[in-house]
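Next come the chains, spelled out residue by residue.
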Amino acid sequence: MSMVMSHSKLPFKNIEDQSLNKFIQKSKCACSHCKTEIPLNNTTIQSITEGETNYFCCNGCFGAWNIINDLGLQSFYQMTGDGSLVSSLQNSPETNENSYSIFDSDEFCKKFVSPSKEGSKAELLIEGVTCYACIWLIRRSVEKVFPDVSISINQATGCATITWDHVATKLSQLVKLIDKLGYKTLPHREGKLEEDQGELVKVGVALFIMVNVMSFALIEYLSGEDGVQTNILQYSRWISLTLATVSIAWPGRTFFMATLRSFKSMTPNIDGPILLGILSAYFFSCYNVVMASPEIYFDSITAIIALVLTGRYFQSQAIYRNRTKLASLIKPSDGYILVEKNGLYSHVLASLIQVGDKVKLLPGDMLPVTIRCSSNCAEYSLSELNGEPSWKKSYADESIPSGAVLGGQSIEGIATESGVKSYTENLAKLVNDALDKKGQFQYWSDRAAIGLFYTVLTSALIIFSLYATNDIYEAVRRGVAILLVACPCTFAIGVPLTFANAMARALNQGILFKSQSALEKLARVTNIVFDKTGTLTKGSPTVTESVWLVDQNLISSIIPILAHLDQHSNHHVPRSISYWIKNDVNLNSRLTTSEDFAFPAIEEIQGQGLFFKFNSSTYRIGNINWIRSFGINVETKLEMFQIFLTCDNALLGALELQDEIRAEAMDAVNRLRSSGNKLSILSGDTNERTKSLALKLDIGICDAIGEASPTEKAHKIREFNSCAMVGNGLNDSVAMAQSSVGIAVSNASNPAQTSADICILRANLKLIDQAVKISRACTTRMKMAFAFAAFYNLLGLCFAASGMMSPLLAAILMPISSLTVAKIATSWPNDLQET
Amino acid sequence: MEALFVLVPLSFILAGTALVAFIWATKKGQFSDLKSPGEQIIFDEYEVRPTKKIDINK
């Protein structure tokens, strides 16, 4: 629905009736809601309240402003200052009643709503929550419109918990309100909160017991010198024993469960060795308490449990935070999808698509559900699913799996599975993928810990059998000391904590590492390949020049079609043409406002152009080579133009589009070069343009390759050893999947963000260099922690084997080594600190 | 030294209370969002103007 057409439906007053003087003086004004600067002409939306005129850039802003104003929440605008926060919000596409009513459907309730004391409870992921002002606005609005609904929003994750009375209030109305304010909502069922709180309680209890047992251990250490009475000593030992038992039984249960799992799956993990160390030391100490003989290790046992659990808690928090960001960034099924109902297409939440729904997908869309294609010859790529870099063709009545990315044409089809099913499966897959990619360090750390365990077990057994014949007690003592001191808890703390720290720091700066392996791989990268359009440049080219070779009246008939190109393609060229026509004063006056204008089917050829049939002529819009391939003559003086319009065999006109380089691109490129990376550009644009950009950015001409199709990009990428592909579009996504590390910039399309290993969340290319630095620092820290852990364990082993390991030494070494590793993991060079 | 037999259990009762309070606070979700409550104080001063009845369906 175009802006111009939909105006008449809204109760706004037109410009003629008031403030004519103002209009004459001002040609530009700021949108009252998002503060974007907008041209002031007769199509600008206005509202006059209490003698004050407000201007709006779009109906979405107008709607949001109306709600905020009617609810008396105008102070929101004081909070948001220049409006830079509000402008990050996106207004939902024109939705009709059906798309909301599904929130009340039984299917939705079954999947996402759970009963609670106050009625019903659901979790929603709210996109666009950037600061407390957003939370304030949503909460106050909901409180005012629905007094009986309670809503709490977690600022860190953007996850809202809503409790409401199912009979009195409809969830659809609530979602609609939040939607109208400019935030998007996605159903979300995590159940993570309770699990999380359970973990935190365990960590708290473990630390509490550790501190107490340590203070009782003091009595033990002092007992040698100033003669603590035996009854006091025994008293303190029994207390330590009780506390340690609680620690092993409650927080320490995690180790039992993990060991059990590893036995079941026959894959050794780090928990087994830790558990063995803990248990052998525990039983030896218990024996000593009962027999009143010296040496108890309860302090070491509780310290191991507490510190390992703390490290893991921080790791899981960091991963969880990244994952929630990820879920809101790359929804498994991308928000709203066009679904046909009674002959009309409407936007429907993808997770609410039902079997048998007729859906329409635009070029570049990712399929939210498996569909049976009803259009002929659809091109799609499965690179997201299996990394295969080729395009597949599908004909009518064949099915295309969910997760496939569409090529250059829009298709229609029938859904063969429900959106909810696909959504939940994809979410689970997304989460598991992130978990599985543990990375090499985790792998080697686990291997080393297990290798160490076998060494330790063998040496413990040798020492034991050496002494067993003479003194069985001494044999057990030395064996236990070895098992305890060589317990791989430094490994168990070092790696998770370093990763957690690096990921959390990166996320605060706007860099999302999807997995630990992404961090590691980026550290090894030496080549960085950039896409041009949208990555190094702003990606929204503007039409700067136009030449018409025929009478303008001839063109008038297709102007409305050109203005609607953006609804048929996600490519930036058609979008900018639409934008140009809608905003050009001479051209937009010719836009037809009649609703029954018959729009022809528009087909897109990847990387070439698009065509449509209208009034029995074929119109083509595309690049020079494509146009020439139809035998159309283009004069030399027109060759500098980028996009050509033809009707059958006649050239109608040519357009020049220019795309500005991002302001910080030069700086970012220099930084990356000075940190030792080789830079290249790989673009689908012409060789000439690609090379001229390379010149501007001081990148070697030979390293700038133009005219590369998506498949060629993927082939070229494989020629590089360890390279990072920085891109933003569908045409880069295959190459990104093929490179060692894919990096998606801030405005990247959904397929690009999905195939990327790293997502840059802010519009700043310098963050790529920051990401490289963080990954390298992380790797260094990891190696240090690794070396230290290995050194400490071997040293401890020698001491324990030679019998020099007194409980005092063990008790001191154990926490000190763990804390040293923790310190290494969390100390960062100053230039990587948060800014 | 015999005082320890009384003082230690006493200290446990004290520390145990703190532990129970910690567990209670965690279960109540006091630690789940550490960011927004801090900012909330700043935003509370914004007065809310009287409201009109609105219909979001319009």
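Residues numbered from 1 in each chain as written. Chains lettered and ligands numbered in written order. Predicted model: local features only at pLDDT ≥ 70, side-chain atom pairs only at ≥ 80, totals over all residues. Heavy atoms only, no water.

## Here we look at the overall build of chain A
Move 1: Across its full length, chain A holds 32 helices and 31 strands.
Move 2: Counting every position in chain A, which comprises 835 residues, the buried fraction comes to 56%.
Move 3: Taking contacts inside chain A between residues at least 6 apart in sequence as the whole, the part at least 24 apart equals 67%.
Move 4: Of the roughly 35,100 Å² of accessible surface on chain A, a fraction of 56% belongs to carbon and sulfur atoms. (Helix = DSSP H or I, 4+ residues; strand = E, 2+ residues; numbered from the N terminus. Buried < 20%, exposed > 50% of the residue type's maximum accessible area, 1.4 Å probe, protein only. Contact = heavy atoms within 4.5 Å. Areas by Shrake-Rupley, 256 points an atom, 1.4 Å probe, with all protein chains shown as cover.)

## Looking at the overall build of chain B
Move 1: The secondary structure content of chain B amounts to two helices and zero strands.
Move 2: Within chain B, buried positions represent 19% of all 58 residues.
Move 3: Split by element, the accessible area of chain B, about 4,500 Å² in all, is 66% carbon and sulfur.

## A few points about the packing of helix H18 (residues 489–509) of chain A against helix H31 (residues 766–801) of chain A
Residues and elements named next belong to chain A.
Move 1: Put simply, H18 and H31 touch, their axes get as near as 9 Å, and they point 165° apart. Taken together, H18 and H31 sit at an angle that is classed as roughly antiparallel. The way H18 lies across H31 gives a crossing that is right-handed. Of the residues in H31, those in contact with Thr-490, Phe-491, Gly-494, Val-495, Thr-498, Phe-499, Ala-502, Ala-506 and Gln-509 of H18 are Leu-767, Gln-770, Ile-774, Cys-778, Arg-781, Met-782, Ala-785, Phe-786, Ala-789, Ala-790, Tyr-792 and Asn-793.
Move 2: Taken together, the residues of the contact of H18 with H31 sort by class into 14 nonpolar, six polar and one charged. (Axes fitted to C-alpha atoms, helices over the stretch in contact; angles between N-to-C directions. Parallel < 35°, antiparallel > 145°, perpendicular 65-115°, else oblique. Left-handed = near helix turned anticlockwise from the far one by under 90°. Nonpolar A, V, L, I, M, F, W, Y, C, P; charged D, E, K, R; others polar.)

## Description of the nonpolar core
All names here are of chain A.
Move 1: Residues Phe-298 and Ile-304 are the most contacted members of the largest nonpolar core, which totals 71 residues.
Move 2: For this core, the leading source of residues is helix H9 (residues 192–226), giving eleven residues.
Move 3: Setting aside its immediate chain neighbours within four residues, Ile-304 contacts Ile-274, Ile-278, Leu-484, Cys-487, Cys-489 and Met-814.
Move 4: If you look at the next biggest cluster of nonpolar residues, it comprises 48 residues, including Val-129, Cys-131, Leu-137 and Phe-146. (Core = buried A, V, L, I, M, F, W, Y, C linked by side-chain atoms within 4.5 Å.)

## Looking at H31 of chain A
Residues spaced three or four apart along an α-helix face the same direction, because each turn holds 3.6 residues.
Move 1: The first and last C-alpha atoms of H31 of chain A sit 53 Å apart over 36 residues, in line with the 52 Å expected at 1.5 Å per residue.
Move 2: Following H31 of chain A by one or two positions, Gly-803 of chain A has its phi on the positive side, about 80°. (Expected span 1.5 Å × (residues − 1).)

## As for a nonpolar patch on the surface
Residues and elements named next belong to chain B.
Move 1: A cluster of nonpolar side chains, namely Phe-5, Val-6, Leu-7, Leu-10 and Ile-13, defines an oily patch on the protein surface of about 480 Å² accessible area.
Move 2: Considering the arrangement of structural elements, one finds Ile-13 in helix H1 (residues 4–27).
Move 3: When its relative accessible area of 58% is taken as the criterion, Ile-13 is described as exposed. (Patch = residues over 30% accessible without salt bridge, like charges linked within 9 Å, V, L, I, M, F, W, Y side chains within 5 Å. Salt bridge = Lys/Arg side-chain N within 4 Å of Asp/Glu carboxyl O.)

## Topic: the pattern of salt bridges
Residues and elements named next belong to chain A.
Move 1: For the structure shown, the criterion picks out nine salt bridges over all chains.
Move 2: Where Glu-474 meets Arg-478, a salt bridge forms, and the shortest distance between an N and an O atom there is 2.9 Å. Here Glu-474 and its partner Arg-478 are both found in helix H17 (residues 472–485), four residues apart, which amounts to about one turn of the helix. As far as burial versus exposure is concerned, Glu-474 and Arg-478 are alike and both buried.
Move 3: Put simply, Lys-678 and Asp-703 hold a salt bridge, and the shortest N to O gap is 3.3 Å. Of this pair, Lys-678 sits in strand S27 (residues 678–682) while Asp-703 is found in the loop between helix H27 (687–696) and strand S28 (704–705), placing the two residues 25 residues apart along the sequence.
Move 4: By relative accessible area, Lys-678 is classed as partly exposed at 41%.
Move 5: Given the relative accessible area of 23%, Asp-703 is considered partly exposed.
Move 6: Here the salt bridges do not stand alone but share partners, grouping Glu-474, Arg-477 and Arg-478 into one network.

## Observations regarding the sheet that holds strand S19 (residues 511–513) of chain A
All names here are of chain A.
Move 1: Spatially, the seven strands line up as an open sheet ordered S19-S31-S30-S29-S20-S27-S28, and their pairing is mixed. This sheet does not close on itself; its edge strands, each paired only once, are S19 and S28.
Move 2: By the bridge criterion, two bridges tie S27 to S28 in an arrangement that is parallel. Following the sheet pairing, Ile-681 is matched in S28 by Ala-704. (Pairing = 2+ DSSP bridges.)

## Re the packing of aromatic side chains
Move 1: Within this structure, the stated rule accounts for twelve aromatic pairs over all chains.
Move 2: Ring geometry for Phe-216 of chain A versus Phe-12 of chain B: centroids 5.9 Å apart, planes at 5°, classification stacked. Here Phe-216 of chain A, found in helix H9, pairs with Phe-12 of chain B, found in helix H1, and the two come from separate chains.
Move 3: When its relative accessible area of 23% is taken as the criterion, Phe-12 of chain B is described as partly exposed.
Move 4: An aromatic cluster of three or more residues is present, and its members are Phe-284, Tyr-287, Tyr-297 and Tyr-473 of chain A.
Move 5: Directly above the ring of Phe-630 of chain A sits Arg-620 of chain A, whose terminal nitrogen or CZ lies 3.6 Å from the centroid. (Phe/Tyr/Trp six-rings, centres within 6.5 Å; stacked < 30°, edge-to-face > 60°. Lys NZ or Arg CZ within 6 Å of the ring centre and 35° of its normal.)

## Looking at the confidence of the model for chain A
Residues and elements named next belong to chain A.
Move 1: Averaged over every residue, the pLDDT of chain A is 76; residues scoring 70 or more account for 79%.
Move 2: Here helix H1 (residues 3–6) stands out as the least confident element of chain A, with mean pLDDT 36; helix H10 (residues 230–249) is the most confident, with 91.
Move 3: Note that residues 90–96 has pLDDT below 50 and, in this model, 14 contacts with residues that lie over four places away or in other chains. (pLDDT = per-residue confidence, 0-100.)

## Structural notes on empty space enclosed by the protein
Any empty space left between the atoms is revealed when a probe the size of a water molecule rolls over them.
All names here are of chain A.
Move 1: Applying the stated criterion across every chain yields a total of four cavities of 30 Å³ or more.
Move 2: Taken as a whole, the largest cavity spans an internal volume of roughly 50 Å³.
Move 3: Lining of the largest cavity is provided by Val-213, Phe-216, Ala-217, Glu-220, Tyr-221, Ser-240, Ile-296, Phe-298 and Asp-299.
Move 4: The leading source of residues in the lining of the largest cavity is H9, at five residues.
Move 5: Residue classes in the lining of the largest cavity are distributed as six nonpolar, one polar and two charged. (1 Å grid on protein atoms, 1.4 Å probe; cavity = no way out; pocket = protein on both sides within 12 Å on 5 of 7 lines; lining within 4 Å. Points joined across faces, edges and corners; volume = space filled by probe spheres on them.)

## Overview of the packing of helix H11 (residues 253–265) of chain A against helix H12 (residues 271–291) of chain A
Residues and elements named next belong to chain A.
Move 1: Packing of H11 against H12 leaves a shortest axis separation of 8 Å and a crossing angle of 130°. Considering the angle they form, H11 stands oblique to H12. Judged by the twist between their axes, the crossing of H11 over H12 is left-handed. Within the contact between the two elements, H11 uses Thr-254, Phe-255, Phe-256, Ala-258 and Thr-259 and H12 uses Asp-271, Gly-272, Ile-274, Leu-275, Ile-278 and Leu-279.
Move 2: By residue class, the composition of the contact of H11 with H12 is seven nonpolar, three polar and one charged.

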